[in-house]
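# Summary of the model geometry
One-letter residues, chain by chain:
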Amino acid sequence: VLKIDKFTGEYDDLGNYALWRAQVISIIHAEDHQTEVSKAMRLYGFLDGKAKKDIRGLMDNPDENTFLKMCKTLEYNYGGKLRAKQARQNALLQLNKYKKLGEAETHELMTTLSNYLPWIENDPAAKRPEDPLNRWVMELLPEKDCEDFLKFSEKSGYCDNIFSLQDWLRRKHKRLKT
């Protein structure tokens, strides 16, 4: 039995919306619902928090169009590439400055960056060292690690941006694990 968490619509949930939607819609369509209203009731049961509030009004007088309206409202509010990118960027922005960059901290930053970088890989601004997000991520590093990264970038001929930081973090994490 597949356990699916309720979708809340909060920032930490946004990156999971597409997967959540696919799973829930598959379940609802696989079930033997006699009416569109019963589908709407079932979908409503998979929601909580902000997402549930967003569509609560549709449940006041459900009809044969309610399920489709709910799906469209949720997609408009939480779907799409921009919202997924924003969710991953917010995960980065929620990180606190590291006092040290041990194995666990390196893994956390590396994983958070890995989730975000595919969304900006074709953005030329993101590759410039002066990009605000690059500067902000650099500020997360302890001073010694920041210096080590800048030396690595210079020695490797890399630009000091979050893409080369990701490469440096992978190497550092590998060293820390051995």
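Residues numbered from 1 in each chain as written. Predicted model: local features only at pLDDT ≥ 70, side-chain atom pairs only at ≥ 80, totals over all residues. Heavy atoms only, no water.

## Remarks on the packing of aromatic side chains
Overall, the coordinates contain 7 aromatic pairs when judged by the stated rule. The interplanar angle of 65° and the centroid separation of 5.6 Å between the aromatic rings of phenylalanine 152 and tyrosine 158 together place this pair among those described as edge-to-face. In textbook terms, an aromatic cluster arises when at least three aromatic residues are bridged by ring pairs, as seen for Phe7, Tyr17, Trp20 and Tyr78. The ring centre of tyrosine 44 lies 4.7 Å from the NZ or CZ of lysine 52, which sits over that ring. (Phe/Tyr/Trp six-rings, centres within 6.5 Å; stacked < 30°, edge-to-face > 60°. Lys NZ or Arg CZ within 6 Å of the ring centre and 35° of its normal.)

## A closer look at the state of the cysteines
Taken as a whole and assessed by the stated rule, the structure comprises 0 disulfides. Cysteine 146 takes part in no disulfide bond, and the closest cysteine sulfur to it belongs to cysteine 159, at a distance of 14 Å. (Disulfide = S-S within 2.5 Å.)

## Regarding the nonpolar core
A general feature of soluble globular proteins is that nonpolar side chains tend to end up buried together. Counting residues in each nonpolar core, the largest one holds 23 residues, and the members touching the most others are Leu92, Leu109, Leu113, Ile162, Leu165 and Leu169. Those elements that place two or more of their residues in this core are helix 7 (103-116), helix 8 (132-140), helix 9 (143-156) and helix 10 (162-177). When near neighbours in sequence (up to four residues on either side) are disregarded, isoleucine 162 contacts Leu113, Tyr116, Leu117, Ile120, Leu133, Asn134 and Val137. (Core = buried A, V, L, I, M, F, W, Y, C linked by side-chain atoms within 4.5 Å. Buried < 20%, exposed > 50% of the residue type's maximum accessible area, 1.4 Å probe, protein only. Helix = DSSP H or I, 4+ residues; strand = E, 2+ residues; numbered from the N terminus. Contact = heavy atoms within 4.5 Å.)

## Side note on the side chain of asparagine 134
Tracing the backbone shows asparagine 134 in helix 8. Polar contacts involving the side chain of asparagine 134 include one to the main-chain carbonyl oxygen of arginine 128, which spans 2.5 Å. In this structure asparagine 134 touches Ala126, Lys127, Arg128, Pro129, Asn161 and Ile162, once residues within four positions along its chain are discounted. (Polar contact = N/O pair within 3.5 Å; in protein donor to acceptor, adjacent residues only side chain to side chain.)

## Remarks on the pattern of salt bridges
Inspection of the entire model under this criterion finds 11 salt bridges. Residues glutamate 36 and lysine 39 are paired through a salt bridge, measuring 3.2 Å at the closest nitrogen-oxygen approach. Of the two residues, glutamate 36 and lysine 39 both sit in helix 3 (residues 36-45), 3 residues apart, roughly one turn of that helix. Of the residues examined, glutamate 36 reaches a relative accessible area of 25% and is grouped as partly exposed. The partner of arginine 171 in a salt bridge is aspartate 167, and the shortest N-O contact between them spans 3.3 Å. Placement of both arginine 171 and aspartate 167 in helix 10 is noted, with a separation of 4 residues, approximately one turn of the helix. According to the relative accessible area criterion, arginine 171 is partly exposed, its value standing at 42%. (Salt bridge = Lys/Arg side-chain N within 4 Å of Asp/Glu carboxyl O.)

## Structural notes on the confidence of the model for the chain
Scored by pLDDT, the chain comes out at a mean of 88, with 96% of its residues at no less than 70. Of all secondary-structure elements in the chain, the lowest mean pLDDT belongs to helix 1 (residues 11-14), at 64, while helix 3 reaches the highest, 95. (pLDDT = per-residue confidence, 0-100.)

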